[in-house]
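Structure assessment
Spelled out from the first residue to the last, the chains are:
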Amino acid sequence: MSTDTTEATERQTRLVGLAARDVVKTFSVKGKENLVLDTINLEIPKGEFVSVIGPSGCGKSTLLRIFADLIPVTSGTAVVDGISPQLARADRRLGVVFQQANLMPWRSVLRNVGLPLEVEGRGKVARDATSRELLELVGLAGYEKHLPRQLSGGMQQRVAIARALSTEPDVLLMDEPFGALDEITRERLNQELLSIWGRLRPTVLFITHSIPEAVFLSSRVVVMGARPGRIVDVVDVDLPYPRDPGARTDPAFHAAESRIRALLATAGGH
Amino acid sequence: MTAAQVVGARPAVASPAWGSGWVRVRRVAARWGVAAVMGVAFVVGLCLLWELAKLVTGTDDSLMPHSWAVFAQLGEPAGPDGTWLTYIAENWVVTLRNAVAGFLAGSLLGVALGVWIASNRVVGAALLPITALMQTIPIVAIAPAMVLFLGTGWEIKAAIAAFLTFFPVTVATAKGIASTSAESLELMRVCAASRWQTLVKVRLPSALPLIFVGLETAAGVAVIGAIVAELPFGATEGLGMVILTSWQYYTIQPTSLYLAAIASCALGAFVVFAVRAIRTLVPAAADPKGA
């Protein structure tokens, strides 16, 4: 092992939330191998909130999809909550929120939130009780019987978050969940997401295009570069939790922001 | 409870789109009311055109009877026990039973086959061309042969209706299931859903709008199938039999053939609108574009 002993001990004492060890991913397009992720090494302790930022085509969504067991690695190892992504998914330890809320249009809000529990085989009474609590948590109490198309984009995304939380996941994977929302809604949802995370403490991998969003939410920001997709650097955000909107004016916030901006400028891609 | 009361009780929240069962029933009733008015207007318009054509061409009454004469025929006696109204109605119900039985059986078969085709590429590649080929078999040609094999029972007529029903339903189901959004399927995968759960909770509901398009098409051809099945083999009941006998007596009494034709149209419209009415009761079947 090339890692030094102090780092190894530290790794043992803290449980692994998400980890990538020499992860390589290639896609073959018309017989040509295309390197999407080049030797990704990443270690996220259990319960930490980490964001990934990078230009389009840097493979950040691919990395998330590997953790979600939606695609396999080409080589290397991915670890989710201390076990393989396959086992973690089978054990229902994952919650995923995509850029599109992706709600079933024929299901009421309540039944959309309860869908993962329904799949799990939970009874209707317990299911509805949990779903109601979660809707309250995301600020949508009173909308149980509505259909998704009656809600705004921000409200739909809240429903998607409630749905992802319904099985009490240990790991929450979020792929640009607020990317399609306006700035005001986005900042409000950032605040709400942090308070939910503070209460439930899942490990979060949060993919975003927005530097302030990444800094505001996370304790660490993974900056990726494109062609091939690789980790350029990991930036620590020295701001204590719980954070409120005032954190956005903190010197440490600006320091992290400019550091990330500088890294992205050299990261390549579009 | 009406929508207004819901809003009153909770002013901050708009009312849900799908109200109580009563609201839904009223919506369907309104739809049927509009359809009935349009239907009557259509018939009146057709009669006017008919009379105009008759006037312009100066066609003789024995070839082209007056439209009111066709409807007057309903009151005239048909045989020893009843008028043409009861005679047509009795046979209408017979054909309706055959068509609906065939339609239901064919639809179930079609959905099952569509699911199978969509879930397995090899099955799809093998079955879809065969089902398309089967559709080209001229039903009028093989119906007498089927009767020779299987007898003249109503089940055979239903089977012919079913035969015509299943193809559009199969294609619509297979296409509908294939069009399920990839994101929804990924969501189910993340939830570790079984194949069956994914089918029932996501694939089939996603396919419902298209399945209903197939069902509406199939409803029309099921009625045609049921009538055609009654044509060739000296049937003793059904609208097909009425059409056949009326046709033989056309030179003596042309009105009865038109009456039979109108009854057939009414049957087709009835079944198609019934399918549409059912569609409005199923939330997931609504067109995603809101049409």
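From a predicted model like this one, the values you see are computed outputs, not experimental measurements. (Residues numbered from 1 in each chain as written. Chains lettered and ligands numbered in written order. Predicted model: local features only at pLDDT ≥ 70, side-chain atom pairs only at ≥ 80, totals over all residues.)

**Here's the deal with the environment of Glu216 of chain B**
Residues and elements named next belong to chain B. Residue placement: Glu216 occurs in helix H9 (residues 195-230). Overall, the presence of 17 C-beta atoms within 10 Å leaves Glu216 in the partly exposed class. Remark: the alpha-carbon pair of Glu216 and Arg279, spanning 63 residues in sequence, is separated by 9.7 Å. Leave out the neighbours within four places in its chain, and Glu216 touches Val272, Val275 and Arg276. (Helix = DSSP H or I, 4+ residues; strand = E, 2+ residues; numbered from the N terminus. Buried ≥ 20, exposed ≤ 12 C-beta atoms within 10 Å, placed from the backbone. Contact = placed C-beta atoms within 7 Å.)

**Re the sheet that holds strand S1 (residues 16-29) of chain A**
All names here are of chain A. The strand order S2-S1-S4 describes an open sheet built from 3 strands, whose pairing is antiparallel. Two strands close off the open sheet at either side, each with one partner strand: strand S2 (32-45) and strand S4 (75-80). Each strand of the sheet is rotated relative to its neighbour by a mean of 20°, with strand direction disregarded. Pairing of S1 with S2 involves 10 bridges; the strand directions are antiparallel. Counted as the bridge partner of Ala19 is Glu43 from S2. Set on the sheet, helix H2 (residues 60-67) makes contact with S1, S2 and S4; between it and S1 the angle comes to about 115°. (Pairing = 2+ DSSP bridges. Axes fitted to C-alpha atoms, helices over the stretch in contact; angles between N-to-C directions.)

**Quick look at the sheet that holds strand S7 (residues 203-208) of chain A**
Residue and element names in this part refer to chain A. Read from one edge of the open sheet, 6 strands run S5-S6-S7-S3-S8-S9, paired in mixed fashion. On the outer flanks of this sheet lie strand S5 (94-97) and strand S9 (230-236), each paired with one strand and no other. The mean inter-strand angle of the sheet, taken between neighbouring strand axes irrespective of direction, is 20°.

**Some thoughts on the packing of helix H10 (residues 239-248) of chain B against helix H11 (residues 255-281) of chain B**
The relative placement of two packed helices is expressed as an angle between their axes plus a distance between the axes. Residues and elements named next belong to chain B. Close contact between H10 and H11 brings their axes to 8 Å; oriented N to C, the two are set at 160°. By the angle class used here, H10 and H11 are roughly antiparallel. Judged by the twist between their axes, the crossing of H10 over H11 is left-handed. In this structure, H10 uses Leu239, Val242, Ile243, Ser246 and Trp247 to contact H11, whose residues at the interface are Ser256, Leu257, Ala260, Ala263, Ser264 and Leu267. (Parallel < 35°, antiparallel > 145°, perpendicular 65-115°, else oblique. Left-handed = near helix turned anticlockwise from the far one by under 90°.)

**Regarding the domain arrangement of chain B**
Residues and elements named next belong to chain B. Its domain assignment divides chain B into domain 1 (27-59) and domain 2 (62-285). For domain 1 versus domain 2, the distance between C-alpha centres works out to 24 Å. Domain 1 puts 11 residues into the contact, and the matching count from domain 2 is 8 residues. Along the lines of polarity and charge, the residues of the side of domain 1 that touches domain 2 split into 5 nonpolar, 2 polar and 4 charged. (Domains from an automatic or database assignment. Nonpolar A, V, L, I, M, F, W, Y, C, P; charged D, E, K, R; others polar.)

**Some points on the nonpolar core**
Grouped together as the largest cluster of nonpolar side chains are 80 residues, with contacts concentrated most on Phe67, Leu173, Leu205 and Val221 of chain A. When sequence neighbours within four positions are dropped, the list of residues in contact with Phe67 of chain A reads Leu18, Ala78, Val80, Pro85, Leu173 and Leu205 of chain A. Core analysis: the next-biggest nonpolar cluster, separate from the first, contains 48 residues, Ala219, Leu259, Ala263 and Leu267 of chain B among them. (Core = buried A, V, L, I, M, F, W, Y, C linked by C-beta atoms within 7 Å.)

**What about the pairing of strand S8 (residues 220-225) of chain A?**
All names here are of chain A. Along S8, 5 of the 6 residues are buried, which leaves the element largely enclosed by surrounding structure. Here strand S3 (residues 49-53) runs beside S8; their pairing, made up of 4 bridges, is parallel. Bridge assignment links Ser51 to a residue of S8, and that residue is Val221. Bridging between S8 and S9 involves 6 bridges; their strand directions are antiparallel. Bridged to Val222 within S9 is Val234. A loop of 4 residues connects S8 with S9, the two strands running antiparallel in sequence, and Arg227 in this loop sits at a positive phi of about 50°.

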